[in-house]
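What the coordinates show
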2 protein chains.
Amino acid sequence: MSHSTIQQSSVRNGLLAALPPADWAHLGPHLEAVELPFDQTVHAAGGPVDAVFFIETGMVSILVTLEDGSQVESGIAGPEGLLGLTLVFGDSRSFTDARVQLEGTALRIGAAAFHTAMDRSPALRALLLRYALAFLGQVTQSGACNARHPIENRLARWLLTAHDRAGADEFPMTHEFMAMMLGVNRPGVSIAAGILNRAGLIRYVRGHMTITDRPGLEAATCECYHTVRHEYARLLGPRAAASAASGG
Amino acid sequence: MSHSTIQQSSVRNGLLAALPPADWAHLGPHLEAVELPFDQTVHAAGGPVDAVFFIETGMVSILVTLEDGSQVESGIAGPEGLLGLTLVFGDSRSFTDARVQLEGTALRIGAAAFHTAMDRSPALRALLLRYALAFLGQVTQSGACNARHPIENRLARWLLTAHDRAGADEFPMTHEFMAMMLGVNRPGVSIAAGILNRAGLIRYVRGHMTITDRPGLEAATCECYHTVRHEYARLLGPRAAASAASGG
DNA sequence: AAGTATTTGTTCGATTTCGAACGCACGGAC
DNA sequence: GTCCGTGCGTTCGAAATCGAACAAATACTT
């Protein structure tokens, strides 16, 4: 296993960047740059988790699979976070699927080395527990949002969340995908997207989404977007809330 | 501060009961028995959290408050768990309301003593992190359930969850409350409850709910009840999944 | 014990959302 | 350049859910 050493100053991941330099020594030597190709299932529900992935670029959805085979997004991770949260809790089995929605790269560390680093670095423990709490906040708010808010607002929220992590105004995204993420049917998304489109907030053509009026989208979203972003900022700092995408 | 010393053998809380006796010394002397009166807000969203409450009896809902003032349940805690989870993560502010739905009692420990105990007892840390992960699983599954499952199934699920923690087949509960918990309107619950009632699974009269056919309810629930219960059992053992209520 | 205020459970029309079928646009093959 | 396969976005009737008004039962007051 001979991969080149990674410098902390060059990482784009918000958690790694926030780590005190003295604590970097516990992680850095064990990190390996890996690709996150589109649609890859990084972790599968019920399956083992043998590594943590600190996301450098791209976006990964955390998905619940229901009995009927449908999947619903419970959370999103991007350059502000990581995959393999169960290892932070001392467990090694995933409750959810983690699937790449926007391709990117990550820094991978095996479970054994990760646990050693966690044991030796109180700063790392504290940081990752704060991230876990922020993620819990996201999942919590999303659950209420699913129960109460109409599709149009939820779609605007989801687009903003994706925009934060995409690192560009334009990214590949289909109606069918967004419908699955939101747990609604495709036509529902088409109608909602049509409204946002006619309002000039977005443009989309055949699997190609463009954010054209971000302030407008922020006015169209339910409060859940801001609530979650505020919680991320509180626990991880403003840069994390911006997901290192535009803020990086 | 002169409260009588509590013996580990006498606690009904699943987490405290599962703690290795040697580690009890870090917590026991600081625990104080407190009441959980009906409708009390133990922690308020955005407010400080200055203590952890290990629930002995009763049931407490974890609630998200939305912009329109409505509240939606994101999770439930009973004798299998605790309140003040944010302290386990090293934070001291609550993202949600914690409100008592079925009165009971708890063992309270202040934040400072709790942190000291967490620092000194790896077993306590590991145990409470596993609980935090189980709770995250509950919130995650509930979010997907909110998005996809019809009211009747979700009501059956909620009643089973409450039954686990109520310690009795009969407990006070109104349609209005259940509607708020599920994030649906009152009539929706009335119709669903009427179906369960006519099927002989439950009886209810003016704020008084009786579970009359638990196996029938388990057949009427969506898979989410079993999924969450299974995750609790995996992480905390079968007794915790049964919530110490019937399994006590 | 009767009247009254309060809270609960039910019914109704309007809206949202669902699930299936339809027609269209791109990309590769020849 | 044209054909054809694949996948996308849109339209429709049906069902579930919503929000407001109604009716019934309890608890409090005198």
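Residues numbered from 1 in each chain as written. Chains lettered and ligands numbered in written order. Predicted model: local features only at pLDDT ≥ 70, side-chain atom pairs only at ≥ 80, totals over all residues. Heavy atoms only, no water.

Here we look at the interface of chain A and chain B
Counting residues at the interface gives 38 residues for chain A, matched by 38 residues for chain B. In total, chain A and chain B occlude about 3300 Å² of area from one another, counting both sides; carbon and sulfur atoms represent 69% of this. It is Phe89, Phe95 and Arg148 of chain A that lose the most area in chain A upon contact with chain B, and together they represent 22% of the buried surface on that side. Viewed at the interface, chain B and chain A are joined by four salt bridges. Close ionic contact of arginine 234 of chain B with aspartate 91 of chain A constitutes a salt bridge, the shortest N to O distance being 2.7 Å. Applying the counting criterion to the chain A and chain B interface returns ten residue pairs in polar contact (both at pLDDT 80 or more). Only β4 (71–77), α3 (85–88), α5 (122–148) and α10 (224–236) of chain A provide two or more residues apiece to the side of chain A that touches chain B. The element best represented in the side of chain A that touches chain B is α5 of chain A, accounting for 14 residues. Residues belonging to the side of chain A that touches chain B are distributed by class as follows: 17 nonpolar, twelve polar and nine charged. (Contact = heavy atoms within 4.5 Å. Buried area = accessible area lost by both parts, 1.4 Å probe. Salt bridge = Lys/Arg side-chain N within 4 Å of Asp/Glu carboxyl O. Polar contact = N/O pair within 3.5 Å; in protein donor to acceptor, adjacent residues only side chain to side chain. Helix = DSSP H or I, 4+ residues; strand = E, 2+ residues; numbered from the N terminus. Nonpolar A, V, L, I, M, F, W, Y, C, P; charged D, E, K, R; others polar.)

As for the protein's contact with DNA strand D
The full set close to DNA strand D counts 15 residues, and His175, Pro187 and Ser190 of chain A together with Asn185 and Pro187 of chain B are the nearest of them. For DNA strand D, the backbone portion of the atoms within 4 Å of the protein, that is sugar and phosphate, comes to 59%. Residue glutamate 176 of chain A places a side-chain N or O atom 3.3 Å away from a phosphate oxygen belonging to DNA strand D. At 3.3 Å, a side-chain N or O of tyrosine 204 of chain A approaches a phosphate oxygen of DNA strand D. Those elements that place two or more of their residues in the surface near DNA strand D are α7 (175–182) and α8 (186–198) of chain A. The dominant element in the surface near DNA strand D, judged by the number of residues it contributes, is α8 of chain A, at three residues. Within the surface near DNA strand D, the residues separate by chemical class into six nonpolar, five polar and four charged. (Near = heavy atom within 4 Å.)

Looking at the relation of the copies chain A and chain B
For the pair chain A and chain B, the relating rotation is 180°, the translation along its axis is 0.0 Å, and the fit reaches an RMSD of 0.0 Å. The superposition of one copy onto the other is thereby described by a two-fold rotation axis. Scanning chain A for the C-alpha nearest the rotation axis identifies glycine 143 of chain A, at a separation of 1.8 Å. (Least-squares fit on C-alpha atoms with pLDDT ≥ 70 in both.)

Regarding the sheet that holds strand β8 (residues 202–204) of chain A
All names here are of chain A. Strands sit in the order β7-β9-β8 across an open sheet of three strands; the sheet is antiparallel. The open sheet has two edge strands, β7 (170–172) and β8, and neither has a second partner. Pairs of neighbouring strands in the sheet enclose a mean axial angle of 20°, with direction left out of account. Two strands pair when backbone bridges link them, and β8 and strand β9 (residues 208–211) are joined in this way by three bridges, in the antiparallel orientation. Counted as the bridge partner of isoleucine 202 is isoleucine 211 from β9. Here helix α6 (residues 151–166) sits on the sheet in contact with β7, β8 and β9, set at roughly 105° to β7. (Pairing = 2+ DSSP bridges. Axes fitted to C-alpha atoms, helices over the stretch in contact; angles between N-to-C directions.)

Comments concerning the environment of serine 190 of chain A
All names here are of chain A. With respect to the helices and strands, serine 190 occurs in helix α8. Serine 190 sits in the partly exposed class, given a relative accessible area of 31%. Between the alpha carbons of serine 190 and glutamate 176 there is a distance of 8.9 Å; along the sequence they are 14 residues apart. Filtering out sequence-adjacent residues up to four positions away, serine 190 remains in contact with His175 and Tyr204. Within the structure, serine 190 has its side chain in polar contact with the side chain of histidine 175 (distance 3.0 Å). (Buried < 20%, exposed > 50% of the residue type's maximum accessible area, 1.4 Å probe, protein only.)

Considering the domain arrangement of chain A
Where interface size is given, it is often the accessible area lost as the parts come together that is meant. All names here are of chain A. Domain annotation of chain A identifies domain 1 (8–123) and domain 2 (150–221). Using only C-alpha atoms to locate each centre, domain 1 and domain 2 end up separated by 26 Å. With 17 residues of domain 1 in contact, the opposing surface of domain 2 contributes twelve residues. With both sides pooled, the region where domain 1 packs onto domain 2 buries about 1100 Å², and carbon together with sulfur makes up 68% of that total. Linking domain 1 to domain 2 there are one salt bridge. In this structure, glutamate 80 and arginine 165 form a salt bridge, with 3.2 Å as the shortest nitrogen-oxygen distance. Where domain 1 meets domain 2, there are three residue pairs in polar contact (both at pLDDT 80 or more). (Domains from an automatic or database assignment.)

As for the side chain of glutamate 80 of chain B
In this fold, glutamate 80 of chain B is placed in the loop between β4 (71–77) and β5 (82–83). Under the relative-accessibility criterion, glutamate 80 of chain B is labelled buried at 0%.

Observations regarding the environment of leucine 136 of chain A
Along the chain, leucine 136 of chain A turns up in helix α5. Using a relative accessible area of 10% as the deciding quantity, one classes leucine 136 of chain A as buried. The spacing of leucine 136 of chain A and glycine 75 of chain A is 61 residues in sequence and 8.7 Å in space, taken between C-alpha atoms. Filtering out sequence-adjacent residues up to four positions away, leucine 136 of chain A remains in contact with Leu85, Phe89, Leu136 and Val139 of chain B.

Looking at the UniProt feature "domain: Cyclic nucleotide-binding" (unreviewed entry) in chain A
UniProt tags residues 15–96 of chain A as "domain: Cyclic nucleotide-binding" (unreviewed entry). Between the end C-alpha atoms of residues 15–96 of chain A the distance is 22 Å, and the span holds 18% helix and 39% strand. (UniProt positions renumbered as here; feature names shortened; annotations may be inferred.)

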